[in-house]
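Understanding the architecture of this molecule
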Amino acid sequence: MKNQIILSPIKEMEIRSAEISGVVSLAQGVPSFDTPECIKRRAIEAISEGRSARYSLSPGILELREAIEYSLARENIFYDFEKEIIVTAGSIEAITATLLALIKKGDEVLIPDPTYTSYQSAIKTAGGIPVFFPLDEQKDWAFDLQELEKKINSKTRAILFCNPNNPTGTVYSREQLAYLIELAERHNLYVLSDEVYRNFVYDDLDFFSLAQFSAFRKRIIHIFSFSKAYAMTGWRVAYLATDRSLAEKILPIHDALVTCAPVVSQWGALAALEMAGEDLLFFKREFLRRRELICNEMENLKNWFSFVRPSSAYFIFPRFKEGLLEKLKKLKLPEKIELSLRPDQKKSLSWRLALDLLNQAKVALVPGSAFGKVGENHLRLCFGRSDEDIKKTFTRMRKYFNSYF
Ligand SMILES: Cc1ncc(COP(=O)(O)O)c(C=O)c1O
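Residues numbered from 1 in each chain as written. Predicted model: local features only at pLDDT ≥ 70, side-chain atom pairs only at ≥ 80, totals over all residues. Heavy atoms only, no water.

Inspection of helix α1 (residues 9-18) places P9, I10, E12, M13, R16 and S17 among the buried residues, and these make up the whole buried set. Looking straight down α1, one finds its buried side chains confined to an arc of 160°; they lie on one side. Against the buried residues of α1 lie α14 (343-347), α15 (349-361), β13 (363-364), β14 (366-367) and β15 (379-382). (Buried < 20%, exposed > 50% of the residue type's maximum accessible area, 1.4 Å probe, protein only. Helix = DSSP H or I, 4+ residues; strand = E, 2+ residues; numbered from the N terminus. Arc of directions from axis to C-beta. Contact = heavy atoms within 4.5 Å.)

What follows is the structure in structure tokens.
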């Protein structure tokens, strides 16, 4: 059952923690903020004025697509709102619809290791086979492009990645992206560039979007979501932009899956682009501050973990040190938990630690193996959550490490 689709481990951790009272969670990548007022107001107006009761056009309301075209143009990314932009029900729908449209059963899709867990399910849903290529932890988790090229064969159809990367917070350089797209050109591959964290890049680092390589637009699918940038994860609204030759293949699949993105959310997304710039900057400043908070807290656990300071997004991905690995090899979980594990979870030390932390310390985190084999022996913590949750998590973790180990 190699290609079996399993529930994302991130969602599994949330479900497991919902069964225990008093758990504090830094598991799912959800910002702690409420959606900005200007977005909520526009959505309420749309409801009151009867503009959200019916389906929109399948690619989305014209006003929103026009605003997306305009906002992309400011970044030197050029797509025609009529034929090349599709508003989707979250970016995961954009990714799944694209794969369903462009790959066939048995095709291989390359994804970084470690990367966002749900890519594997999206690829499998489209009948494809996810094939991991390793990132280089020694180089702040940059692409190892030689290793990537070794994975390409006659069945490889596409590369799917996120920039910035979840869970490592890596921002890929222009040079690496240039090499990647040339590689894709040489091997005739599509490249899906998921940029849901592009607004949260720190330390004056330059962000470069793959879609800026316009000469390669016939193989690039650019994806962005309102979920993270504007604290709208529940609204389910995102978009993809691509050359019309690909958009016309993706549109019927998007239509078959959801008809159109939720219309009320599309009006909210329009307000986000037109009016929520200040909110976006506020969120970025807050995440930056919380990055310092979480890095300081991690320093207090440095006997057990080492970590790369994340340059973007809101995740930290600490690695287990040797001493912790030795302890974990002897860790015994309660029988009830042991019985609930799949064989791959039983063997994974990051799963075992995450479940023990949940059970003993009431802290929900994501095991690194959820993101790929290279992710094993790490945990992912989200600092998009509130200061209070971050502090509570580390108080509990310190107590756990002092008393159980
Ligand atoms: C890299 C990445 N892509 C896509 C998604 C899904 O986002 P959406 O809410 O737009 O479906 C997430 C959510 O955590 C993510 O981390």
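Here we come to the domain arrangement of the chain. In terms of domain boundaries, the chain breaks down into domain 1 (9-34 + 279-404) and domain 2 (37-275). Of note, the centres of domain 1 and domain 2, computed from C-alpha atoms alone, are 27 Å apart. Between domain 1 and domain 2 lies a buried interface of about 2800 Å² when both sides are counted; carbon and sulfur atoms form 60% of it. Taken together, domain 1 and domain 2 are joined by 3 salt bridges. Taken together, domain 1 and domain 2 are joined by 15 residue pairs in polar contact (both at pLDDT 80 or more). Elements supplying a minimum of two residues to the side of domain 1 that touches domain 2: α1 and α11 (277-299). (Domains from an automatic or database assignment. Buried area = accessible area lost by both parts, 1.4 Å probe. Salt bridge = Lys/Arg side-chain N within 4 Å of Asp/Glu carboxyl O. Polar contact = N/O pair within 3.5 Å; in protein donor to acceptor, adjacent residues only side chain to side chain.)

What follows covers α15. With 13 residues, α15 extends 17 Å from end C-alpha to end C-alpha; this agrees with the ideal 18 Å at 1.5 Å per step. With 11 of 13 residues buried, α15 is to be regarded as a mostly interior element. Taken as a whole, α15 has its buried residues at L349, S350, W351, R352, L353, A354, L355, D356, L357, L358 and A361. (Expected span 1.5 Å × (residues − 1).)

Across all of its chains, the model carries 32 salt bridges by this definition. Here R157 makes a salt bridge to D107, at a shortest N to O gap of 3.3 Å. On the criterion of sequence distance, the pair formed by R157 in strand β6 (residues 156-162) and D107 in the loop between α4 (91-102) and β3 (108-113) is long-range, its members being 50 residues apart. Look at R157 and you get partly exposed, because its relative accessible area is 21%. Between K329 and E326 there is a salt bridge, with the nearest N and O atoms lying 3.2 Å from each other. Of this pair, K329 and E326 both sit in helix α12 (residues 322-329), separated by 3 residues, roughly a single helical turn. Taken together, the shared-partner salt bridges connect D80, E84, R217, D243 and R244 into one network.

Once that is clear, we can look at the side chain of T156. Mapped onto the secondary structure, T156 falls in strand β6. Residue classification places T156 among the buried residues on the basis of a relative accessible area of 2%. At a separation of 2.8 Å, a polar atom in the side chain of T156 contacts the main-chain amide nitrogen of N153. Leave out the neighbours within four places in its chain, and T156 touches E108, L110, K151 and L189.

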